[in-house]
Amino acid sequence: MEKELDTTTAHAWEAIGGSSNLTAKVSYRGAGEVLPAVLPVRELARATVGVCSLAAAELSATRNDGPVPVVWVDEGAVATSFVSERHLLVDGRAPTPFAPLSGFWRAADGWVRTHANYPHHRARLLNALGMSEEERDDGGASSVEQTAKTLAALPTQEIQERVYAAGGLAVAVAPAPARGSGTRERPLVEIQEVGEARKRQLPAASLPADGVRVLDLTRVIAGPVATRTLALLGADVLRVDPPWLREDTDTHIDTGMGKRSTLLDLDTDEGRSTFEGLLDSADVVVTGYRPGALDRHGMVAEELIARRPGLIVAQLCAWDPSGPWADRRGFDSLVQAGCGIAAIEADPEGRPGALPAQALDHGTGYLLAAGVLRALTERQSDGRGRLLRFSLAWTAHWLMHGISSEPVGRRVYEPTDWLTEIDSPYGRLRHALPPLHYEGSPGNWETPPTSWGTDPATWV
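Please read all numbers here as calculations on a predicted model, not as lab measurements. (Residues numbered from 1 in each chain as written. Predicted model: local features only at pLDDT ≥ 70, side-chain atom pairs only at ≥ 80, totals over all residues. Heavy atoms only, no water.)

A. Summary view of the sheet that holds strand E12 (residues 312-317). On the basis of which strands lie adjacent, the open sheet formed by seven strands has the order E7-E13-E12-E11-E8-E9-E10 and mixed pairing. A strand with exactly one partner marks an edge of an open sheet, and here the two such strands are strand E7 (190-194) and strand E10 (260-263). Within the sheet, the average angular offset between the axes of one strand and its neighbour, ignoring direction, is 20°. Sheet topology note: the E12/strand E13 (residues 385-391) ladder contains six bridges and is parallel. Directly across from Cys317, in E13, lies its bridge partner Ser391. Those strands touched by helix H16 (residues 392-401) are E7, E12 and E13, and its axis lies near 60° from that of E13. (Pairing = 2+ DSSP bridges. Helix = DSSP H or I, 4+ residues; strand = E, 2+ residues; numbered from the N terminus. Axes fitted to C-alpha atoms, helices over the stretch in contact; angles between N-to-C directions. Contact = heavy atoms within 4.5 Å.)

Below, the structure is given as structure tokens:
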């Protein structure tokens, strides 16, 4: 195990409010050149898992009035987890990660990146491009060819704004930014104490988040990774989706471990009443929608905490929540394109590239889970609620400007060491094991994902 202080871990731990004297508890085991990239993805990945493991260990120690256990992180487990969707098998079937119309396209003056994995996003993209029903056909080769032809004739900014106006997803590939401008220009996380103090002590327990109730209002991928991690650590996590916005089945399987899933229409009196009943005894609310998108449902964070003193609200968005794109939809791949990562990772011919994992999603997911765990630890002593804000764009900025590459170990990485199988409502699953490790940590989730939207809207 590597014992020297890891500066990336120390920075992330400081960002979530951790005491600097605890980072010495974390050590790493190398796994060779995992997650290879121009940017230091391996360092980001292991640090985010490291601080999440440390936050879990700290909360466990606080609840049980004991010393913080040692933490160790295996880079092989981290690398496997960061591409968990690629290792997933459902009765031997491998998921398809990206739809044919999701990817990089040459435009008249550069490149754009589109995201059309969901049917409604695909329809909006094609509508924005003015493609006829015949040109759209069934999403096969002819529609790909026609899309490529249409995009090649348009400038990148026009594509971006036209598709955005239609409710679709396309981002012009930004040039590579200059390195070394420093992370202090943007936060990695924002933490705010909110509301009056209310004593809400969690009792001693074998798992750090045992008895913690989490309302999960998130979608692909960072939010579900965070709540999947909280479920691993003992939390009762209930994912809430609107009935008309179906989740991709394979994505739900990958990120639904240990959680339950229900459907609520917050536009109805019944759905709103049910949600408020759940909120009355919730400890944590995690949201992954655009800033302000849930406000009309009475989901303003400060108001939630005022109604439920001691509540922890963690908000996640794609872009800078205080920037000009705050209200725009986004995914990891689009943020990579829009912030300059795709240009940094370009091939020798200049075609934009991508990170070896959805590292902004997974890294931010583990940071969010770590932030929630630390907030629960702080609440043990001060009883205060907290508002936490995370952004894929902030994590991207940290990756580009705030992390240095570290030496690579010589150990050979075998992903099979970090895979297991379990039966589920969807069939036999092969899935990645969780990468969190500390003395006494759980080795796997207690339950597989349930069928999407089929669980009752109640706490266990």
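B. Examining unusual backbone geometry more closely. Residue Ile221 is bonded to the preceding Val220 through a cis peptide linkage, with omega at -25°. Structurally, the position occupied by Ile221 is in the loop between strand E8 (213-217) and helix H9 (222-232). Positive phi, normally seen in glycine, also occurs at Asp65, with a value near 55°. Relative to the helices and strands, Asp65 resides in the loop between helix H2 (41-64) and strand E2 (71-74). With a relative accessible area of 75%, Asp65 lands in the exposed category. At Asp91, a residue that is not glycine, the phi angle is positive and equals roughly 50°. Summarising the element assignment, Asp91 is placed in the loop between strand E3 (89-90) and strand E4 (103-107). Using a relative accessible area of 56% as the deciding quantity, one classes Asp91 as exposed. (Buried < 20%, exposed > 50% of the residue type's maximum accessible area, 1.4 Å probe, protein only.)

C. Structural context of the packing of helix H1 (residues 7-15) against H2. It is at 9 Å that the axes of H1 and H2 come closest, and there the two elements cross at 50°. For the element pair H1 / H2, the angle class is oblique. Both H1 and H2 take part in a crossing whose hand is right-handed. Along its contact with H1, which presents Thr8, Thr9, Ala12 and Trp13, the element H2 presents Glu43, Ala47, Val51, Leu54, Ala55 and Glu58. Here the contact of H1 with H2 is built from residues that sort into six nonpolar, two polar and two charged. (Parallel < 35°, antiparallel > 145°, perpendicular 65-115°, else oblique. Left-handed = near helix turned anticlockwise from the far one by under 90°. Nonpolar A, V, L, I, M, F, W, Y, C, P; charged D, E, K, R; others polar.)

D. A look at the pairing of strand E15 (residues 427-432). Note that E3 and E15 share two bridges and pair antiparallel. In the sheet register, Val90 faces E15, and the bridge partner there is Leu429. With six bridges joining them, strand E14 (residues 419-424) and E15 adopt antiparallel strand pairing. Paired with Leu419 across the bridge in E15 is Ala432. In textbook terms, the turn of a hairpin is the stretch between consecutive antiparallel strands, and for E14 and E15 this stretch comprises two residues.

E. Region of the structure containing the packing of aromatic side chains. In this structure the tally under the stated criterion is two aromatic pairs. For the pair Phe82 and Tyr366, a centre-to-centre distance of 5.9 Å together with 20° between the ring planes defines the contact as stacked. Within this pair, whereas Phe82 is found in helix H3 (residues 75-82), its partner Tyr366 is found in helix H15 (residues 359-382), the two being separated by 284 residues in sequence. Assessed through its relative accessible area of 0%, Phe82 is described here as buried. The ring of Tyr28 has Arg46 sitting right over it, with the charged end atom 4.3 Å from the ring centre. Above the ring of Tyr164, the side-chain terminus of Arg328 is found at 3.8 Å from the ring centroid. (Phe/Tyr/Trp six-rings, centres within 6.5 Å; stacked < 30°, edge-to-face > 60°. Lys NZ or Arg CZ within 6 Å of the ring centre and 35° of its normal.)

F. Representation of the nonpolar core within the structure. Counting residues in each nonpolar core, the largest one holds 90 residues, and the members touching the most others are Phe82, Val335 and Ile341. For this core, the element with the most residues is H2, which contributes 13 residues. With sequence-adjacent residues up to four places away left out, Phe82 is seen in contact with Leu35, Leu44, Ala45, Thr48, Val49, Ala357, Gln358, Ala359, His362, Gly363 and Tyr366. In this structure, Leu264, Phe275, Ala301 and Leu387 belong to the second largest nonpolar core, which totals 21 residues. (Core = buried A, V, L, I, M, F, W, Y, C linked by side-chain atoms within 4.5 Å.)

G. Fine view of H3. Across the eight residues of H3, eight count as buried, placing the element largely inside the fold. Among all positions of H3, only Glu75, Gly76, Ala77, Val78, Ala79, Thr80, Ser81 and Phe82 are buried. Between the side-chain oxygen at the start of H3 and the backbone nitrogen of Gly76 there is a gap of 2.7 Å, and the oxygen is on Asp74. (Polar contact = N/O pair within 3.5 Å; in protein donor to acceptor, adjacent residues only side chain to side chain.)

H. Here's a closer look at the pairing of strand E9 (residues 236-241). Burial analysis of E9 places six of its six residues in the buried class, which makes it a mostly covered element. Burial along E9 is two-sided: the residues Asp236, Leu238 and Val240 and Val237, Arg239 and Asp241 are all buried. Across four bridges, the pairing between E8 and E9 is parallel. Paired with Leu215 across the strands is Leu238, a residue of E9. You can see the chain leave E8, run along H9 and come back into E9, and the turn it takes is right-handed. (Right-handed = clockwise from strand over helix to strand, strands pointing away.)

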